Protein chains: 2
Amino acid sequence: MRLSTRGRYGTRALLELALHQGEGPVLLRDIARKQEISLSYLEHLITPLIAAGLVASTRGPKGGVMLAKPAEEIRLNEIIYLLDGPIAPVECVNSKKACARSEKCAPRDIWQELRKAMNDILSSITLKDLASRQIAKEEFEGTMYYI
Amino acid sequence: MRLSTRGRYGTRALLELALHQGEGPVLLRDIARKQEISLSYLEHLITPLIAAGLVASTRGPKGGVMLAKPAEEIRLNEIIYLLDGPIAPVECVNSKKACARSEKCAPRDIWQELRKAMNDILSSITLKDLASRQIAKEEFEGTMYYI
DNA sequence: GTATTGTTGACCAACATAGTCTACAATAAT
DNA sequence: ATTATTGTAGACTATGTTGGTCAACAATAC
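Definitions and limits used
Residues numbered from 1 in each chain as written. Chains lettered and ligands numbered in written order. Predicted model: local features only at pLDDT ≥ 70, side-chain atom pairs only at ≥ 80, totals over all residues. Heavy atoms only, no water. Axes fitted to C-alpha atoms, helices over the stretch in contact; angles between N-to-C directions. Helix = DSSP H or I, 4+ residues; strand = E, 2+ residues; numbered from the N terminus. Parallel < 35°, antiparallel > 145°, perpendicular 65-115°, else oblique. Left-handed = near helix turned anticlockwise from the far one by under 90°. Contact = heavy atoms within 4.5 Å. Nonpolar A, V, L, I, M, F, W, Y, C, P; charged D, E, K, R; others polar. Buried area = accessible area lost by both parts, 1.4 Å probe. Salt bridge = Lys/Arg side-chain N within 4 Å of Asp/Glu carboxyl O. Polar contact = N/O pair within 3.5 Å; in protein donor to acceptor, adjacent residues only side chain to side chain. Near = heavy atom within 4 Å. Phe/Tyr/Trp six-rings, centres within 6.5 Å; stacked < 30°, edge-to-face > 60°. Least-squares fit on C-alpha atoms with pLDDT ≥ 70 in both. Expected span 1.5 Å × (residues − 1). Buried < 20%, exposed > 50% of the residue type's maximum accessible area, 1.4 Å probe, protein only.

*Asks:* How would you explain the packing of helix α1 (residues 5-19) of chain B against helix α2 (residues 28-35) of chain B if you had to name every residue and give the values?
*Replies:* Residues and elements named next belong to chain B. Running from N to C, α1 and α2 point in directions that differ by 115°, and their axes come no closer than 10 Å. Here α2 runs roughly perpendicular to α1, going by the angle between their axes. Taken as a pair, α1 and α2 cross one another with a handedness that is right-handed. Listed contacts from α2 to Arg12, Ala13, Glu16 and Leu17 of α1 are Ile31, Lys34 and Gln35. Among the residues making up the contact of α1 with α2, the classes are represented as 3 nonpolar, 1 polar and 3 charged.

*Asks:* Could you give an account of the interface of chain B and chain A, with specific residues and numbers?
*Replies:* Counting residues at the interface gives 37 residues for chain B and 37 residues for chain A. Approximately 3900 Å² of surface area, both sides summed, lies buried where chain B meets chain A, with 64% of it carried by carbon and sulfur atoms. Our count for the contact surface shared by chain B and chain A stands at 4 salt bridges. With its nearest N and O atoms 3.1 Å apart, the salt bridge here joins Glu113 of chain B to Arg133 of chain A. Along the contact surface separating chain B from chain A lie 9 residue pairs in polar contact (both at pLDDT 80 or more).

*Asks:* Go over the protein's contact with DNA strand D, please, and point to the residues and values.
*Replies:* Near DNA strand D, the surroundings consist of 25 residues, among which Leu28 and Ser57 of chain A together with Thr5, Ser38 and His44 of chain B are the closest. What you see for DNA strand D is that sugar and phosphate hold 68% of its atoms within 4 Å of the protein. At 3.3 Å from a phosphate oxygen of DNA strand D is found a side-chain nitrogen or oxygen belonging to Tyr9 of chain B. Broken down by secondary-structure element, the contributors of at least two residues to the surface near DNA strand D are α2 (28-35), α3 (39-51) and β1 (55-58) of chain A together with α1 and α3 (39-51) of chain B. Per-element accounting of the surface near DNA strand D gives the leading share, 4 residues, to α3 of chain A. Partitioned by chemical class, the residues of the surface near DNA strand D number 8 nonpolar, 12 polar and 5 charged.

*Asks:* Mind laying out the protein's contact with DNA strand C, listing which residues take part and the relevant values?
*Replies:* Residues in close proximity to DNA strand C total 26 residues, the closest being Thr5, Ser38 and His44 of chain A together with Leu28 and Ser57 of chain B. Of all DNA strand C atoms lying within 4 Å of any protein atom, the proportion belonging to sugar or phosphate reaches 66%. For DNA strand C, a phosphate oxygen lies 2.5 Å from a polar atom in the side chain of Thr5 of chain A. Contact between DNA strand C and Arg59 of chain A: a base nitrogen at 3.1 Å from a side-chain N or O atom of the residue. At the level of elements, α1 (5-19) and α3 of chain A together with α2, α3 and β1 (55-58) of chain B are the ones that each hand at least two residues to the surface near DNA strand C. Ranked by residue count, the leading element in the surface near DNA strand C is α3 of chain B, at 4 residues. In terms of residue class, the surface near DNA strand C is made up of 8 nonpolar, 12 polar and 6 charged.

*Asks:* Report on the packing of aromatic side chains, specifying residues and quantitative values.
*Replies:* Residues and elements named next belong to chain A. Scanning the entire structure with this criterion turns up 2 aromatic pairs over all chains. On the basis of an interplanar angle of 80° and a centroid distance of 6.0 Å, the ring pair of Tyr9 and Tyr41 is categorised as edge-to-face. A residue pair is termed long-range when its members are at least 10 positions apart, and Tyr9 in helix α1 and Tyr41 in helix α3 qualify at 32 residues.

*Asks:* Residues and numbers for the relation of the copies chain B and chain A, please.
*Replies:* When chain B is brought onto chain A, the operation consists of a screw motion whose angular component is 180° and whose axial shift is 0.0 Å, with 0.1 Å RMSD remaining. What the rotation and shift describe, once combined, is the action of a two-fold rotation axis.

*Asks:* An account of α3 of chain B is needed here, citing residue identities and associated values.
*Replies:* Residues and elements named next belong to chain B. The end-to-end C-alpha distance of α3, which contains 13 residues, comes to 19 Å, matching closely the 18 Å that a straight helix rising 1.5 Å per residue would cover. Of the positions making up α3, those classed as buried are Leu42, Leu45, Ile46 and Leu49. In this fold, the buried residues of α3 make contact with α1, α2, β1, β2 (64-67) and α4 (76-84). Phi turns positive, to about 85°, at Gly53, one or two residues after α3.

Below is the structure:
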């Protein structure tokens, strides 16, 4: 029951963009460095996000990537879906056809509850929320030194 | 974000045992047939469940496997844990040491919420509950023919 | 003792994951 | 125009996980 690195790294990359929203293009290289993701791998992760219209890119000197829409309009479930596919513990919760026993399978009902719970959480959080949380964490870290 | 076949098949196998609780040993072969799992694979799945004391087995003719304790005392999170490992979307939610950035990582908080939600659901459901649901489903299916 | 059952461990094919590397395309600055 | 700088695309690969198979073995009811 694990989330792949794609979804996690992608979320972190977008968080980085959200933290620098309004500051113009951010270099992939800088995202890679700050979020500790290999640049080559990040390039692959960013592609579907660009294709989906979450991220805008400009090439050449002074280029880079930036959020293509406000951080409050991007929800985590969207990011995970784009990078990891359907947020579902098993295929059969998406299509009944995936398994002949779907109709009379009690376990399947449980897997569906799991999916709903996960989706509810992920769709309730926007990149803006995530960025706010991150900022709060860092500020709190800072105050720690004064205790 | 998927549940492996191990956890799912294992759950189904135990459901089958719960449905036949008190009827003596059930053949692995019969479980395999009814739940559509290959026998050889089921053998591997049942082993950790026996080791953990959820299932009791007897060899030889008239042998088979049965629940080692009442179905109300077996929770789904236990089954999934035994077969799939920790119910966690990422390792870092279990041990902070897994990642140096854990302390100041907002995404990690989200993954922890996910884990909690999943665990809450799975630990709230016992094998007994699952069996009751299954019976209800089959009875309902049965009535359908009279419409 | 023999047929029947579970137990164990070696093995394996296919796929997913998590990348690397190279060549290429666009563009800003000169 | 040239060049340096950026993202884009695709081929390639190493490793691990998944979902098994198969054969030998151990226990036990009859």
